[in-house]
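Below are the chains, spelled out letter by letter.
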Amino acid sequence: DIQMTQSPSSLSASVGDRVTITCRASQNINTFLNWYQQKLGKAPKLLIYGASKLQSGVPSRFSGSGSGTDFTLTISSLRPEDFATYFCQQSYSTLITFGQGTRLE
Amino acid sequence: QGQLVESGGGLVKPGGSLRLSCAASGLTFSDHYVSWIRQAPGKGLEWVSYISGSGLSIYYADSVKGRFTISRDNAKKSVFLQMNSLRAEDTALYYCARDAVPGNYPNWLDPWGRGTQVTVSS
(Lines give C-alpha, C1' and ligand atoms only; values in the text may rest on other atoms or scores of the structure.)
Protein backbone atom coordinates (compact mmCIF):
# COMPACT_ATOMS: atom_id res chain seq x y z
CA ASP A 1 0.00 0.00 0.00
CA ILE A 2 1.10 3.56 -0.62
CA GLN A 3 1.32 5.42 2.68
CA MET A 4 0.35 9.08 2.71
CA THR A 5 1.77 11.22 5.50
CA GLN A 6 0.36 14.66 6.14
CA SER A 7 1.89 17.37 8.24
CA PRO A 8 1.11 19.02 10.46
CA SER A 9 -1.76 17.06 12.01
CA SER A 10 -3.18 20.30 13.35
CA LEU A 11 -2.44 23.92 12.66
CA SER A 12 -3.44 27.05 14.49
CA ALA A 13 -3.87 30.07 12.21
CA SER A 14 -5.75 33.34 11.91
CA VAL A 15 -7.88 34.97 9.27
CA GLY A 16 -5.62 36.44 6.60
CA ASP A 17 -2.73 34.02 7.23
CA ARG A 18 -1.00 32.08 4.47
CA VAL A 19 -1.17 28.39 5.30
CA THR A 20 0.69 25.44 3.82
CA ILE A 21 -0.12 21.76 4.40
CA THR A 22 2.22 19.01 3.25
CA CYS A 23 1.49 15.51 2.04
CA ARG A 24 4.23 12.96 1.41
CA ALA A 25 3.78 9.66 -0.41
CA SER A 26 5.80 6.55 0.44
CA GLN A 27 6.61 6.10 -3.27
CA ASN A 28 6.50 8.08 -6.49
CA ILE A 29 2.88 8.86 -7.43
CA ASN A 30 3.62 11.32 -10.23
CA THR A 31 0.84 13.93 -9.89
CA PHE A 32 -1.93 11.53 -8.88
CA LEU A 33 -2.69 13.50 -5.73
CA ASN A 34 -5.96 15.11 -4.69
CA TRP A 35 -6.96 17.41 -1.84
CA TYR A 36 -10.27 17.62 0.02
CA GLN A 37 -11.84 19.83 2.67
CA GLN A 38 -14.03 18.30 5.35
CA LYS A 39 -16.30 20.17 7.74
CA LEU A 40 -18.06 18.53 10.65
CA GLY A 41 -21.26 16.81 9.57
CA LYS A 42 -20.79 17.65 5.91
CA ALA A 43 -19.63 15.73 2.89
CA PRO A 44 -15.94 16.04 2.05
CA LYS A 45 -15.41 18.52 -0.78
CA LEU A 46 -12.89 18.20 -3.61
CA LEU A 47 -10.53 21.18 -3.80
CA ILE A 48 -7.59 20.17 -5.98
CA TYR A 49 -7.06 17.22 -8.32
CA GLY A 50 -4.03 16.10 -10.27
CA ALA A 51 -1.83 17.83 -7.67
CA SER A 52 -2.44 21.35 -8.98
CA LYS A 53 -5.76 21.60 -10.83
CA LEU A 54 -8.37 23.71 -9.08
CA GLN A 55 -11.82 22.12 -8.98
CA SER A 56 -14.53 24.25 -10.54
CA GLY A 57 -16.12 26.60 -8.03
CA VAL A 58 -13.24 26.45 -5.54
CA PRO A 59 -11.82 29.88 -4.65
CA SER A 60 -8.49 30.78 -6.19
CA ARG A 61 -6.89 31.30 -2.76
CA PHE A 62 -6.51 27.50 -2.74
CA SER A 63 -3.61 26.08 -4.71
CA GLY A 64 -1.71 22.81 -4.93
CA SER A 65 1.75 21.89 -6.08
CA GLY A 66 4.23 19.05 -6.17
CA SER A 67 4.97 15.82 -7.96
CA GLY A 68 6.64 12.51 -7.19
CA THR A 69 6.45 12.12 -3.43
CA ASP A 70 6.06 15.64 -2.01
CA PHE A 71 2.97 17.81 -2.33
CA THR A 72 1.60 20.97 -0.77
CA LEU A 73 -1.78 22.60 -0.38
CA THR A 74 -1.61 26.35 0.14
CA ILE A 75 -4.33 28.74 1.23
CA SER A 76 -3.06 32.20 0.36
CA SER A 77 -5.22 34.21 2.76
CA LEU A 78 -7.39 32.37 5.24
CA ARG A 79 -11.07 33.16 5.38
CA PRO A 80 -13.31 32.21 8.35
CA GLU A 81 -15.02 29.51 6.27
CA ASP A 82 -11.67 27.78 5.64
CA PHE A 83 -11.34 26.47 9.20
CA ALA A 84 -11.86 22.77 8.58
CA THR A 85 -9.95 19.51 8.17
CA TYR A 86 -7.97 18.92 4.99
CA PHE A 87 -6.80 15.59 3.66
CA CYS A 88 -4.91 14.28 0.68
CA GLN A 89 -5.61 11.17 -1.39
CA GLN A 90 -3.44 9.32 -3.87
CA SER A 91 -5.06 7.93 -7.01
CA TYR A 92 -1.92 6.32 -8.41
CA SER A 93 -2.74 2.88 -7.05
CA THR A 94 -6.00 0.91 -7.31
CA LEU A 95 -5.88 0.71 -3.53
CA ILE A 96 -6.42 4.43 -2.94
CA THR A 97 -5.14 5.77 0.34
CA PHE A 98 -5.53 8.97 2.29
CA GLY A 99 -3.48 11.17 4.52
CA GLN A 100 -4.56 11.26 8.14
CA GLY A 101 -5.82 14.83 7.86
CA THR A 102 -4.78 18.30 8.99
CA ARG A 103 -7.12 20.14 11.28
CA LEU A 104 -6.97 23.89 10.72
CA GLU A 105 -8.09 25.78 13.80
CA GLN B 1 -26.28 20.34 -7.65
CA GLY B 2 -25.68 16.60 -7.76
CA GLN B 3 -25.42 14.71 -4.54
CA LEU B 4 -25.03 11.32 -2.93
CA VAL B 5 -27.02 10.33 0.15
CA GLU B 6 -26.12 7.34 2.30
CA SER B 7 -28.56 5.46 4.53
CA GLY B 8 -28.90 2.20 6.39
CA GLY B 9 -26.45 2.69 9.22
CA GLY B 10 -27.24 1.90 12.83
CA LEU B 11 -26.31 -0.04 15.94
CA VAL B 12 -25.71 -3.76 15.49
CA LYS B 13 -24.27 -6.52 17.64
CA PRO B 14 -21.00 -8.24 16.74
CA GLY B 15 -21.67 -10.90 14.13
CA GLY B 16 -24.69 -9.02 12.84
CA SER B 17 -25.45 -7.57 9.42
CA LEU B 18 -26.36 -4.23 7.88
CA ARG B 19 -27.06 -3.08 4.36
CA LEU B 20 -25.96 0.41 3.43
CA SER B 21 -27.41 2.33 0.50
CA CYS B 22 -26.01 5.22 -1.50
CA ALA B 23 -28.51 7.10 -3.66
CA ALA B 24 -27.45 9.53 -6.37
CA SER B 25 -29.44 12.46 -7.64
CA GLY B 26 -28.70 15.22 -10.12
CA LEU B 27 -25.54 13.66 -11.53
CA THR B 28 -24.41 11.11 -14.06
CA PHE B 29 -23.99 7.78 -12.37
CA SER B 30 -24.09 4.64 -14.49
CA ASP B 31 -20.70 5.23 -16.16
CA HIS B 32 -18.84 5.96 -12.97
CA TYR B 33 -17.05 3.82 -10.43
CA VAL B 34 -18.35 4.29 -6.89
CA SER B 35 -16.40 3.65 -3.71
CA TRP B 36 -17.27 3.12 -0.08
CA ILE B 37 -14.85 4.75 2.33
CA ARG B 38 -15.00 4.69 6.11
CA GLN B 39 -13.64 6.70 9.00
CA ALA B 40 -13.38 5.13 12.42
CA PRO B 41 -13.54 7.41 15.47
CA GLY B 42 -10.31 9.38 15.76
CA LYS B 43 -8.82 7.67 12.72
CA GLY B 44 -8.12 8.56 9.11
CA LEU B 45 -10.06 7.60 6.03
CA GLU B 46 -9.94 3.99 4.85
CA TRP B 47 -11.07 2.90 1.42
CA VAL B 48 -13.36 -0.16 1.70
CA SER B 49 -14.59 -1.19 -1.75
CA TYR B 50 -15.30 -0.04 -5.28
CA ILE B 51 -17.65 -1.09 -8.05
CA SER B 52 -17.45 -0.16 -11.71
CA GLY B 53 -20.32 1.42 -13.62
CA SER B 54 -21.30 -1.91 -15.14
CA GLY B 55 -20.90 -3.74 -11.85
CA LEU B 56 -18.46 -6.16 -13.44
CA SER B 57 -15.35 -4.86 -11.73
CA ILE B 58 -15.35 -5.05 -7.94
CA TYR B 59 -12.58 -4.81 -5.40
CA TYR B 60 -12.39 -4.95 -1.60
CA ALA B 61 -9.93 -3.97 1.06
CA ASP B 62 -8.41 -7.00 2.79
CA SER B 63 -10.03 -5.92 6.05
CA VAL B 64 -13.54 -6.58 4.69
CA LYS B 65 -12.96 -9.20 2.01
CA GLY B 66 -15.30 -12.16 2.42
CA ARG B 67 -17.62 -10.24 4.75
CA PHE B 68 -18.80 -7.25 2.70
CA THR B 69 -20.46 -7.29 -0.71
CA ILE B 70 -20.87 -4.25 -2.95
CA SER B 71 -23.53 -4.03 -5.65
CA ARG B 72 -25.40 -1.42 -7.65
CA ASP B 73 -28.71 -0.79 -9.41
CA ASN B 74 -28.18 1.82 -12.12
CA ALA B 75 -31.90 2.07 -12.83
CA LYS B 76 -32.32 3.30 -9.27
CA LYS B 77 -29.02 5.22 -9.32
CA SER B 78 -27.98 3.41 -6.18
CA VAL B 79 -25.01 1.49 -4.78
CA PHE B 80 -25.24 -0.88 -1.85
CA LEU B 81 -22.88 -2.35 0.71
CA GLN B 82 -24.00 -5.57 2.38
CA MET B 83 -22.02 -5.97 5.58
CA ASN B 84 -22.04 -9.36 7.30
CA SER B 85 -20.14 -10.79 10.29
CA LEU B 86 -19.65 -7.30 11.62
CA ARG B 87 -16.90 -6.64 14.16
CA ALA B 88 -16.26 -3.86 16.63
CA GLU B 89 -13.49 -2.59 14.38
CA ASP B 90 -16.03 -1.98 11.61
CA THR B 91 -17.49 0.84 13.70
CA ALA B 92 -17.11 3.96 11.57
CA LEU B 93 -18.79 6.65 9.54
CA TYR B 94 -19.30 5.17 6.08
CA TYR B 95 -19.16 7.43 3.04
CA CYS B 96 -19.91 6.71 -0.58
CA ALA B 97 -18.11 8.71 -3.24
CA ARG B 98 -18.25 8.80 -7.03
CA ASP B 99 -15.07 8.56 -9.04
CA ALA B 100 -15.11 11.75 -11.09
CA VAL B 101 -13.91 10.37 -14.43
CA PRO B 102 -16.42 8.10 -16.21
CA GLY B 103 -15.23 4.63 -17.12
CA ASN B 104 -11.90 5.00 -15.39
CA TYR B 105 -10.45 4.27 -11.93
CA PRO B 106 -8.91 5.51 -9.75
CA ASN B 107 -9.24 9.26 -9.96
CA TRP B 108 -10.39 12.02 -7.68
CA LEU B 109 -13.66 11.52 -5.83
CA ASP B 110 -16.50 13.92 -6.43
CA PRO B 111 -19.02 14.12 -4.95
CA TRP B 112 -19.08 12.44 -1.57
CA GLY B 113 -22.09 11.82 0.62
CA ARG B 114 -22.34 12.98 4.22
CA GLY B 115 -21.96 9.47 5.56
CA THR B 116 -23.98 7.01 7.61
CA GLN B 117 -22.85 5.86 11.04
CA VAL B 118 -22.31 2.16 11.73
CA THR B 119 -21.75 1.12 15.33
CA VAL B 120 -20.94 -2.49 16.21
CA SER B 121 -21.33 -3.12 19.91
CA SER B 122 -22.92 -5.62 22.27
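Everything below is about the structure printed above this text.
Just so you know, these numbers come straight off a predicted model, no measurement behind them.

1. Some thoughts on the pattern of salt bridges
Now for step 1: Applying the stated criterion to the full structure yields nine salt bridges over all chains.
Now for step 2: One salt bridge connects Arg79(A) with Glu81(A), and the closest N-O pair in it is separated by 3.6 Å.
Now for step 3: Here Glu46(B) and Arg38(B) are joined by a salt bridge, their closest N and O atoms 2.7 Å apart.
Now for step 4: Residue Arg38(B) is classed as buried on the basis of its relative accessible area of 5%.

2. Comments concerning the interface of chain A and chain B
Now for step 1: The partner chain B presents 17 residues to the 19 residues of chain A that form the contact.
Now for step 2: Here chain A packs against chain B, burying approximately 1,600 Å² in sum over the two surfaces, 66% of which is carbon and sulfur.
Now for step 3: Contact with chain B buries area across many residues of chain A, yet Thr94(A), Ile96(A) and Phe98(A) alone supply 31% of it, more than any other trio.
Now for step 4: Scanning the region where chain A abuts chain B turns up zero salt bridges.

3. Things to note about the state of the cysteines
Now for step 1: If you walk through the whole model with that rule in mind, you get two disulfides over all chains.
Now for step 2: At a sulfur-sulfur separation of 2.1 Å, the disulfide partner of Cys23(A) is Cys88(A). Looking along the S-S bond of the Cys23(A)-Cys88(A) disulfide, the torsion reads about 65°, which is the right-handed sense. Of this pair, Cys23(A) sits in strand 3 (residues 19–25) while Cys88(A) sits in strand 9 (residues 85–90), and the two are 65 residues apart along the sequence.
Now for step 3: Among the residues examined, Cys23(A) registers a relative accessible area of 0% and is labelled buried.
Now for step 4: Residue class for Cys88(A) comes out buried when judged on its relative accessible area of 0%.
Now for step 5: One disulfide bridge connects Cys22(B) with Cys96(B), the sulfur atoms lying 2.1 Å from each other. Disulfide Cys22(B)-Cys96(B): torsion about the S-S bond near 75°, hence right-handed.

The rules behind the values
Residues numbered from 1 in each chain as written. Chains lettered and ligands numbered in written order. Predicted model: local features only at pLDDT ≥ 70, side-chain atom pairs only at ≥ 80, totals over all residues. Heavy atoms only, no water. Salt bridge = Lys/Arg side-chain N within 4 Å of Asp/Glu carboxyl O. Buried < 20%, exposed > 50% of the residue type's maximum accessible area, 1.4 Å probe, protein only. Contact = heavy atoms within 4.5 Å. Buried area = accessible area lost by both parts, 1.4 Å probe. Disulfide = S-S within 2.5 Å. Helix = DSSP H or I, 4+ residues; strand = E, 2+ residues; numbered from the N terminus.

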